[in-house]
Structures are given as structure tokens and as C-alpha cells.
Amino acid sequence: MSWITHKFGGSSLADADCIAHVARLLVARQDDNQAVVVSAMAGVTNELLALATQAAGNEGDWPARLEQLLARHMDTADALVQDQATRETLHARLTQRFANLRQLLDSLALMGTAPVEVVELISGLGELYSATLLSAHLQSLGEEAVFVDARDILRVRPTALMVAVDWAASQELLQAFRAAHPARRYVITGFICRTREGRISTLGRNGSDYSGSIFGRLFGAEEIHIWTNVDGLLSADPGAVPQAVLLDHLSYREAFELAYFGARVIHPQALSPAQEAGIPVFIRNTFNPDCPGTRIDGDGHPEPPVKGLSGMANMALITIEGAGMIGVPGTAERVFSALHRADISVAMISQSSSEHSICLVVPAGDSAAAGQVLEDAFEREIRHGQIQRIFSVPDIRVLAIVGEGMTGTPGVAARLFTSLGRAGINVRAIAQGASERNISVAVDETDAERALKAMHAGFYLSEQTISVGLIGPGHVGKALIEQLEATRERLLLDANLDLRLRGIASSRQMRLDDRGLSGIDPHSSLGDQPEDLDLDRFVNFIDDDHLPHAVIIDCTASADIAERYGDWLARGIHVITPNKQAGSGDLTRYHELRRLADLSSARWRYEATVGAGLPVIQTLRDLIDTGDRVRRIDGIFSGTLAYLFNRYQAGMSFAELVAEARNAGYTEPDPRDDLSGMDVARKLVILAREMGLDIGLGDIEVESLCPAGLDDGSIDDFLTGLGAHDDAMAQRLAQAEADGKVLRYIASLNDQGQARVALEALSVDHPFAHLALTDNVVAFKTDRYCDNPLIVQGPGAGPAVTAAGVFADLLRVASHLGARL
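Residues numbered from 1 in each chain as written. Predicted model: local features only at pLDDT ≥ 70, side-chain atom pairs only at ≥ 80, totals over all residues. Heavy atoms only, no water.

Peer 1: Explain the overall build of the protein to me, please; I cannot follow it from the model alone.
Peer 2: Counting its regular elements, the protein contains 29 helices and 31 strands. Relative to its length of 821 residues, the protein is extended, with a C-alpha radius of gyration of 37 Å against a globular reference of 28 Å. Overall size of the protein, expressed as C-alpha extent along the three principal axes, is 120 × 75 × 50 Å. Counting all 821 residues of the protein, 54% fall into the buried class. Put simply, the protein shows about 34,600 Å² of open surface, and 48% of that area lies on carbon and sulfur atoms. Looking at the protein, you have 72 positive and 108 negative side-chain charges, and the mean spots of the two groups are 4 Å apart. (Helix = DSSP H or I, 4+ residues; strand = E, 2+ residues; numbered from the N terminus. Rg over C-alpha atoms; globule rule 2.2 N^0.38 Å. Buried < 20%, exposed > 50% of the residue type's maximum accessible area, 1.4 Å probe, protein only. Areas by Shrake-Rupley, 256 points an atom, 1.4 Å probe, with all protein chains shown as cover. Lys, Arg positive; Asp, Glu negative; His and termini not counted. Charge placed at Lys NZ, Arg CZ, Asp CG, Glu CD.)

Shown next as C-alpha cells:
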């Protein structure tokens, strides 16, 4: 026999359509026997309770409201049953049941109060109505269906925690009923029951699932199927984590934990009878019957170790602190006894090993009462200073990771706290049971959704999502957008990584999209209707609390944007940039940025500031981090100047060569930006600071190739005036060639902080003498690489390679955040 529980409602279908759909599902199943427990139709239980409240208080036009409820059920009956005689019989049953309800409500109106027993009687009538409708509809289809009022079978007794089933009495009554009414299919009311003394009672909210599990055990069912409006238990609340996945197999214990911490698909107590009888439970979707749903049994499955996450909102954290508790037996017992007497439930407990403090998480509505109860209980200790304070922190959410496979698996807690730390989440309290099946943390409500997403992604239950904002959609920005789009699907598939570009900003305009800007044209990335730039709003949008991680990529050369890095890092926003302003600018600001990056969970990455896509900074870091000592760095750090001096030959006009390079796009719009040497000097400052040298631009000896007097004026005037200095440059070239050397614009730095940027003559066998036209090259002379320097060489300029360097930094940040790259 299969045991089936159906929840009506929770879909867009009308009442009759919903019941008819369930009937088709039941008929289509090939079970030898079926027992079906049903809930009330959507909203009916709340409506019945509202009627009881209004009648007892003589409030509103409750008789008209009752008539509307009757009409709703009558309309449903008419839609479900076509045969006139059967319909009249069904009408008569419903009319009588609602007449009885009217008498009860009239009684409440006369008394002016609503006794608990009467309210319980009224609240359970919705199940009577829906079971009557379903059984009548099945019968009208020629199917066998015996209506069962659970109050005739199920006997319970109240306990301190919940109602407990009187199994012996209930079993005896069921056997007698089945003997009197043998059938292949029973349609049974959920939620309602009687006490052993015969008084009408209920199983509490979500009691239909509990009824299903109880009757599954009473019938000796092979399986229990709980049909609802979702595919099964998910790894997290899909409202908070849209990437939540269906859990196909859980143990009873895992399901208990998830249900306790807020998984609303099933109530924790609903599994107890099934667990005791060893009956597997399936959570299924009435409206997607082909989905196998979630199987819950005694075995579960060990993989993955963490099955899901859940949480409880609207909580408060109560803390008791005091040196007087240390080593004093019975303190915890007094705390819980006081709260028990006040009927306050404790959801989570955390106590320091020093016994100096005890933390409790209670429902927010009980926070004030809990604080007062505990102050009263420890009045003497507070007065004598043995307990320093009892205080409450509001707006707390408890989040929990759950999984049988956590037991004995090292590193689970480490991964949890690493995920939270990298997302910048402060954990206020921690609790873990000895079973290791659950680890719970208390966090601020404002951080809760971001924490939930970070935890979910941290255990690879969903993709690692990073909110990305790009400032500067110029040549490098366009290339980066193209690279992000080209690798999007591969990163999602192979690395479970969602680099979600959610905002693009230029100097005057911006474009924001919460869903992500995938598929956009990089050459018109701001779209047809951009907004006016509001940089604060842009940053707030990218740093969305609903996503665990935020990155801002600055592809500008703006000093004003670089000034913002400190604020972003302090907020936990990662910063990636090819902009050299922050790395080579004011030394105090530079140290502050490094300090903020060290203090926060954020990363400041700037590989592309030197050598574009070449791993220059990463190589330098690796040398230092592995204990090598860097003695000297020499390099060609300007693709423009590399091009000029690779091309420059005797008989050429240097001025014409510069103009040619400008026309070919190898220089900045104003060639003086390249010829001044300041761009190369900035790169050298960045490398020096990476070595731990506190130097600035003023400490570097820079030879500018811009002749004196040509610093100001238009570009055309500069190019015209530059020709007058061709002879001087030709003389330097001739002298170098006479000495068997070549001219190269070199940056040099030693470990004493001596730095120079200048045009130098190098021997023809020097590693820098034979480069591709625009190559950059850097030579690291270290204690390990003393005789033969470590050389990094390759294209060091151009949008594509610079964007690649930025992208590489983005992937390094993603890897740090837990992406499997």
C-alpha cells in the first residue's frame, strides 16, 4: 500500500481544477491500495479561524463571509460532479456541514468568546470539506473511494512538546473501520483527531503531513508520498538562493535538521512516525509528477557531505556575561529553567569554554521577556557583580549547514567560516552538535542573504556568483567584455563560476542590470538608454547584499576613480585595475590601501599595471613569497618606446617615426605621454613598492625624450617641433652603432631603492637587444637567479593583452573566493 498526502492550494489552479488534477494523478498510479490524506483547500483554514474570531467578537459581517465560503465549496462541487443525483447528494452533505458550522458560530456570538476546543473543531472543518469533495469526485469517475473522518480513528494525548499518538487505540479503531468498510482506496481528512477522552483536537499547523505519516504507519504502508507544490526539498530557500538545487536523497536525520531550521516543505514532526516504522518518505510535486522528488529514508547518502542550508529569521541573540559563572555548577540549568518557566523556546545555544559567557538565540518577539526573566533569575549575581551584564542583539538570523557526510569529515567547518569570511560576514555565535550533522551560525539579518549565498556556493551547491562592475568601457574595457562573454559558458560549466557583469560606467553615463549584462555588444556597452552617472549608486548596486561577493574593475586612467579605492576596499569590495594612479601615487595613500586590503576580506589586484597581460607582478610576488631576495630589476616597460627604438635606424627621422607610430595607433593620442618617460616611471614605482621600497615618482631619475620647450602646445606643434631635434637623436644612434650597441629605453631598479628610467645603449648580445616590435621585457636578478636573470617577455601593450591581465586578476580573486579553477 502507498500512503499519499496531498496539500491543496499553492498553485494558480482553481479549487476544482486542483482537486481534479489530484484525482487524475491518483487514478494514474498503479498502486494495489491507496490511502490518501488531504489538507483543506488553499486559505480555508485561515478563513475558518477568522470566522471564529469575528463571531466571538461580533465583528464584521461574518454571516456574509460564511456564505461566501459555502458558495466557494458549492461551486467547486458543481465543477467536480456532473451527475445530477450525485451532485444533489454532495450538495446536501456540504449544506449540512456548513449548517453545523453556522450553529457553532452563532454559539460563539452568544458567548462572546471562543473556547479552545471550539476553535480546534472549527479549524479542522476545511479538511472535512476537501475530503468530501475529492471522494465524491473519484466516485463520480467510477473509482472506489471511501471517505474517512480521521476523528473516528486517530487518538492522541497532549505532551509538553506536541501531541503524541495513542498507537494501540488508533490501530484498534482503524482495524475495526477497515473491517466494516473494506476498500482499495481511502480518502482521509488530515490535521484533525480526538484525544483519548474523545474531545476533538488537531495536530497543529502543517498537521496534514503529520497525519499522512501517522496513517502511513497505521496502515503499514510501503511508501509515504507527500505531494505539495514544489519538486521536493531544496538545498536552500530558492527565494534567497535562486540557484538552489533539488536534493534527491536524504536521511531522516538530515531532513529533521533542514525542516527544523526553516525548510517549509515539511514539518519536522511529520517524519517521526515514518522513521519509527522505517517507511521511506517521498516529497513530490503534484503539478510535476514526472519529477522523482526527494527520497527520505534511514540510509540517506554520504555525498555531498553538506546536503543543504536552512535558516530561521526574526531571531534575537541574548548574551549573559560574568566572571562569576566560571566553574559554578548549575548556571546553565538556571538559565534554561527560567526560560522554560516563561515558555520561551531557545533555538540555539553557544557557550565559551571559559564559561565566562552564554549566548542564546530566541524568537525576536520573546527577546524583551527573555532578558527580563534572566535578570530576575540572576538578580543577586548582578547586584554583587558576579554577572556583568545581560544584553540582547536584535535582527539576528540563524543559518545552518546540514549533512550526514559532515560526520568525521575534516575541513567542513573551515570551509564554512572561510566562505563567510571571504564574503565579509561577521559571525556572532556558533553551535555544533556532537553528531557533527549540523553547524549553526548566528549572523546579522542585514548580512543573512549574502551569507546564505556565500555558504551555498562555498560548498559547491551552486555556482560561485561574483557581482562585477566595470568602470571605463574604452578599448581595454571593450576587450574585457568580449573576453568575459567568450568564456562565460565554459566558466559556468567547468568552474561553477558566474562572473555576473551587472554594471558598466563611463565618465558620464552608466548602465545597470540585476540579471547581468551578458550578450551585450562591447562596442555599445552602455546601450540605447544609459543613465546619468551616479558613482555612489553604481557602487551600491554592484555591492548588492543579495550577492556574496562584489568586484569593481577600473579600466580608466583616472586619479579621481583611484581615490575611491579605499572606500571600496573598506566595504569589502574587491578592486582590480590596470590604472597606475593608486599604485604609483601618494605613498601614504598607497600604504592605507594595502592596510585596508589586509584588514578587510577584499583584494586589490593590479597585475595589468605593469606589462599588461605579462605576469610581471605575480612573478615578483612569487619570488619574494618563496624567500628569494630580489637584487635588481631591469626592463622595457613601454610598448610604444620599444616599437620606436626597434624601428629606429640610421637615416630615419625620429620625428617622422613618432608620427608614423601615432598614426598606426602605437602611441597615446598625445605622444608626449609616452616620450616623457613618466608612464614607465610609474610602473617602476609599482615594482619598487612591491619589493617593499618606499619610493615615489620624485625618487626616480627620469630622462624625458620630449625636448625642452615642447612640453606645452598642441600635438601638431609638438610633432613639427620634434623634427628640429632629429640630429641630436641621430648622433646618439650613431654613437651606439659605432660602439656595437643598440638604443633601448630602459627602467632600472636595485634593492637599495636607486631607480632610473633612461635611453641607454646596450650591447647587441643583450637580452633586450632583440625583441619583437612592441614587446615588453623584465629581467629579475635575485639570489637564486644571480648569474642568469629570470626574464619575462611578451606583448606588453594593447587592449586585448591588457584586458587579459585584468581578467587573470579577476580569476585569481574568484579562486580565492572558492571557485574551482
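Once the structure has been displayed, the description carries forward.
Peer 1: Explanation requested: empty space enclosed by the protein in the structure shown.
Peer 2: If a probe as big as a water molecule is rolled over the atoms, it shows which places are left empty. If you walk through the whole model with that rule in mind, you get 2 cavities of 30 Å³ or more. Empty space within the largest cavity amounts to approximately 170 Å³. For the largest cavity, the lining is made up of 17 residues, of which Leu-484, Glu-485, Arg-488, Leu-499 and Leu-501 are closest to its centre. When residues of the lining of the largest cavity are traced back to their parent elements, those giving at least two are helix H16 (475-495) and strand E20 (497-505). It is H16 that provides the largest number of residues to the lining of the largest cavity, a total of 6 residues. A per-class count over the lining of the largest cavity returns 9 nonpolar, 3 polar and 5 charged. (1 Å grid on protein atoms, 1.4 Å probe; cavity = no way out; pocket = protein on both sides within 12 Å on 5 of 7 lines; lining within 4 Å. Points joined across faces, edges and corners; volume = space filled by probe spheres on them. Nonpolar A, V, L, I, M, F, W, Y, C, P; charged D, E, K, R; others polar.)

Peer 1: Teacher, can you tell me more about the nonpolar core here?
Peer 2: General note: in soluble globular proteins, nonpolar side chains tend to be found buried as a group. Counting residues in each nonpolar core, the largest one holds 75 residues, and the members touching the most others are Trp-604, Ile-633, Leu-644, Phe-645 and Leu-675. For this core, the element with the most residues is helix H26 (residues 678-690), which contributes 7 residues. Sequence-distant contacts of Leu-675, that is, excluding residues within four places in its chain, are made with Leu-641, Leu-644, Phe-654, Val-658, Ser-704, Leu-705, Cys-706, Phe-718 and Leu-722. Core analysis: the next-biggest nonpolar cluster, separate from the first, contains 67 residues, Ala-23, Met-41, Leu-66 and Val-148 among them. (Core = buried A, V, L, I, M, F, W, Y, C linked by side-chain atoms within 4.5 Å. Contact = heavy atoms within 4.5 Å.)

Peer 1: Please explain the packing of aromatic side chains as it appears in this structure.
Peer 2: One pass over the structure, following the stated rule, counts 9 aromatic pairs. Consider the rings of Tyr-648 and Phe-654, whose centres lie 5.3 Å apart with planes at 70°: the pair is edge-to-face. Per residue, the accessibility class of Tyr-648 equals that of Phe-654, and both read buried. Through successive ring pairs, a cluster of aromatic residues spans Phe-177, Tyr-186 and Phe-219. Across the ring face of Phe-541, the terminal group of Arg-502 is positioned such that the distance to the ring centre comes to 4.3 Å. One residue, Arg-689, lies across the ring of Tyr-590, its end atom 5.0 Å from the ring centre. (Phe/Tyr/Trp six-rings, centres within 6.5 Å; stacked < 30°, edge-to-face > 60°. Lys NZ or Arg CZ within 6 Å of the ring centre and 35° of its normal.)

Peer 1: Please clarify how the sheet that holds strand E4 (residues 155-158) should be interpreted in this entry.
Peer 2: Within a beta sheet, neighbouring strands are joined by backbone hydrogen bonds and run either parallel or antiparallel to one another. Taken in spatial order, the 4 strands line up as E5-E4-E7-E8 in an open sheet, and their pairing is mixed. Since the sheet does not close on itself, it has two edges, and those belong to strand E5 (163-165) and strand E8 (200-202), each with one partner. The average angle at which neighbouring strand axes cross in this sheet is 55°, direction not considered. (Pairing = 2+ DSSP bridges. Axes fitted to C-alpha atoms, helices over the stretch in contact; angles between N-to-C directions.)

Peer 1: Looking at this structure, I do not really get the pairing of strand E18 (residues 438-444). What am I missing?
Peer 2: One face of the sheet, then the other: side chains in a regular strand alternate in exactly this way. With 7 of 7 residues buried, E18 is to be regarded as a mostly interior element. Inspection of the sheet shows strand E16 (residues 389-402) paired to E18 by 7 bridges, in the antiparallel sense. The residue of E18 that forms the bridge with Val-402 is Asn-438.

Peer 1: Mind showing me how you'd approach the packing of helix H3 (residues 62-80) against helix H4 (residues 84-111) here?
Peer 2: Working note: a packed helix pair is described by the angle between its axes plus the distance between those axes. The interhelical angle for the contact between H3 and H4, taken along N-to-C directions, is 165°, at an axis separation of 10 Å. Compared by their axis directions, H3 and H4 come out roughly antiparallel. Read as a crossing pair, H3 and H4 show a hand that is right-handed. For the pair formed by H3 and H4, the contact residues are Trp-62, Pro-63, Leu-66, Leu-69, Leu-70, His-73, Met-74, Ala-77 and Asp-78 on the first element and Arg-87, Leu-90, His-91, Leu-94, Thr-95, Phe-98, Leu-101, Arg-102, Leu-105, Asp-106 and Ala-109 on the second. (Parallel < 35°, antiparallel > 145°, perpendicular 65-115°, else oblique. Left-handed = near helix turned anticlockwise from the far one by under 90°.)

Peer 1: Where do I start with the layout of surface pockets in this structure?
Peer 2: Put simply, the second largest pocket is a space of about 1,200 Å³. Along its surface, the second largest pocket is lined by 38 residues, and Val-476, Lys-580, Glu-668, Asp-679 and Thr-802 are the ones closest to its centre. Breaking the lining of the second largest pocket down by element, the ones donating at least two residues are H16, helix H23 (639-647), helix H25 (672-675), H26 and helix H29 (799-816). No other element matches the 4 residues that H26 contributes to the lining of the second largest pocket. Class assignment of the residues belonging to the lining of the second largest pocket gives a composition of 12 nonpolar, 19 polar and 7 charged.

Peer 1: Sorry if this is basic, but what is going on with unusual backbone geometry here?
Peer 2: Excluding glycine, most residues fall at negative phi; most peptide bonds, likewise, are trans. In this structure, Phe-191 is a non-glycine residue whose phi angle is positive, near 80°. A positive phi angle is found at Asp-343, which is not glycine, with a value near 60°. Tracing the sequence through the fold places Asp-343 in the loop between helix H11 (331-341) and strand E14 (348-351).

Peer 1: Mind showing me how you'd approach the sheet that holds E16 here?
Peer 2: Pairing within the open sheet is antiparallel, and its 6 strands lie in the order E14-E15-E13-E16-E18-E17. For this open sheet the edge positions go to E14 and strand E17 (427-432), each flanked by a neighbour on one side alone. For this sheet, the mean inter-axis angle between neighbouring strands, taken without regard to orientation, is 30°. Sheet analysis places strand E13 (residues 308-321) next to E16, joined by 11 bridges and oriented antiparallel. Bridge pairing in E16 links Gly-311 to Leu-399. Strands E13, strand E15 (357-363) and E16 of the sheet are contacted by helix H12 (residues 367-377), whose axis makes an angle of about 35° with E13.

Peer 1: Explanation requested: the pairing of strand E2 (residues 34-38) in the structure shown.
Peer 2: Summarising burial for E2: 5 of the 5 residues are buried, a large majority. Of the two faces of E2, the one lined by Gln-34, Val-36 and Val-38 and the one lined by Ala-35 and Val-37 are each fully buried. Relative to strand E6 (residues 185-189), E2 is paired through 5 bridges, and the arrangement is parallel. By the bridge assignment, Val-36 is partnered in E6 with Val-187.

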